[in-house]
Each structure stands twice: as C-alpha cells, then as structure tokens.
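Given next are the chains, with one letter for each unit.
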Amino acid sequence: MSDLLERLRARGWRMTSQRRVVAEVLDGDHTHLTADEVHARASERLPEISRATVYNALGELVSLGEVVEVSTDGRAKRYDPNAHRPHQHLLCSGCGLIRDVHPTGDPLADLPAEGRFGFTVSAAEVTYRGLCPACAQPDPS
C-alpha cells in the first residue's frame, strides 16, 4: 500500500473506489499533477470517475492537510501529496515542471527579526524559479 493511502487509512478517511484511485494517482515523491491530469489518470483506472468527484476528493485531501495545493504563476494549480515532509519547490518558468527540493538551512531563520514587522512567523514557503534542463537547451532551429 502506498504511503498516502496508509496515512489516509490511519486518519479514518472513507476509502471509496473513487477516492482510492485519486490517492493512488497522487502518490509519489515528485508528483505535482493538475486536477485535469489527476482526472485523466484516474479515468484510465476507473473510467466512470467524474471530474467533480476528482475535484471533491482533492479538496478533501487539501483540507485534511494530506495534499498541498501549489499555485504556479497563473498556471493551473497543482497537487503535492508530500505535505508531511518539509520541502520547498523548484519551478521551471518555461514548461511549469515542479520538483521537490530539500535545501539545507531553515528559511524561517533567514528572516531577520526586523524584517518580520512584528509577525510571529510559523511557516515559510520558498519557490525557486528557473529553467529545467529541457527548457534551458538552445532552440536548434
């Protein structure tokens, strides 16, 4: 059984066939699929699954904190099932590829007290942007 499915079972999430297939599609170390991609892959396994069911399952997974919704500069939201492992994201500004990265150091510690404007900071989200190897290749034409 996958890591995500095990966590959901431990939480008592009602595991219908539709929810199970959505969780199975999302499971993986570097999975950052859009809702449409989740639906397309889920449909391959369970042809009768509706887009609304996929959106509802994704919303529940986000509400449970088992999946993180990642916004990427005006592109479709992506869903990251690695919510339980602290990490940051590397985003290709060309094709939109997202990878999980685990930089050393603590981003909270990098924000000096005077830069916090009195906030009690509890979390930091860092997104590194650049070009993936495929997008960085010069156009051969």
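Conventions used here
Residues numbered from 1 in each chain as written. Predicted model: local features only at pLDDT ≥ 70, side-chain atom pairs only at ≥ 80, totals over all residues. Heavy atoms only, no water. Pairing = 2+ DSSP bridges. Helix = DSSP H or I, 4+ residues; strand = E, 2+ residues; numbered from the N terminus. Axes fitted to C-alpha atoms, helices over the stretch in contact; angles between N-to-C directions. Core = buried A, V, L, I, M, F, W, Y, C linked by side-chain atoms within 4.5 Å. Buried < 20%, exposed > 50% of the residue type's maximum accessible area, 1.4 Å probe, protein only. Contact = heavy atoms within 4.5 Å. Arc of directions from axis to C-beta. pLDDT = per-residue confidence, 0-100.

**Notes on the sheet that holds strand S5 (residues 98–101)**
- Spatially, the three strands line up as an open sheet ordered S5-S4-S6, and their pairing is mixed. Strand pairing shows two members of the sheet lacking a second neighbour, S5 and strand S6 (127–130), which therefore form its edges. For this sheet the average axis-to-axis angle between neighbouring strands, irrespective of direction, equals 25 degrees.
- Sheet topology note: the strand S4 (residues 88–92)/S5 ladder contains four bridges and is antiparallel. Considered in S5, the bridge of Leu90 is made with Arg99.

**Details of the nonpolar core**
- Counting residues in each nonpolar core, the largest one holds 21 residues, and the members touching the most others are Val22, Leu26, Val38, Ile49, Leu58 and Leu61.
- For this core, the secondary structure elements donating two or more residues are helix H1 (3–10), helix H2 (17–26), helix H3 (35–45) and helix H4 (51–64).
- Examining the composition of this core, we find that five residues originate from one element, H2, more than from any other.
- Beyond its immediate sequence surroundings of up to four residues, Leu61 is in contact with Leu8, Trp13, Val22, Leu26, Glu66 and Val67.

**Structural notes on H3**
- Among the residues making up H3, those that are buried are Ala35, Val38, His39, Ala42 and Ser43. One face of H3 carries all of its buried residues, which in axial projection span an arc of 130 degrees.
- Elements that come into contact with the buried residues of H3 comprise H2, strand S1 (33–34), H4 and strand S3 (78–80).

**Focus: the confidence of the model for the chain**
- Confidence in the prediction of the chain, expressed as mean pLDDT, is 87, and 96% of residues score 70 or more.
- Looking at the elements of the chain, mean pLDDT is at its lowest for H1, recorded as 87, and at its highest for H3, recorded as 96.

**What about the pairing of S4?**
- Most of S4 is tucked away, with four of its five residues classed as buried.
- The hairpin turn running from S4 into S5, its antiparallel successor, is five residues long, and Gly96 in that turn takes a positive phi close to 90 degrees.
- Pairing analysis gives four bridges linking S4 to S6, with the strands arranged parallel. Residue pairing in the sheet places His89 in a bridge with Thr127 of S6.

**Description of unusual backbone geometry**
- Unusually for a residue other than glycine, Phe117 sits at a positive phi of about 50 degrees.
- With respect to the helices, strands and loops of the structure, Phe117 is situated in the loop between S5 and S6.

**Section: the sheet that holds S3**
- Reading across the sheet, the three strands line up as S1-S3-S2 and stay open at both edges, with antiparallel pairing between neighbours. Of all strands in the sheet, those bounded by a partner on one side alone are S1 and strand S2 (68–70).
- Direction of pairing for S1 relative to S3: antiparallel, over a ladder of two bridges. Its bridge partner being in S3, Leu33 is matched across the sheet by Tyr79.

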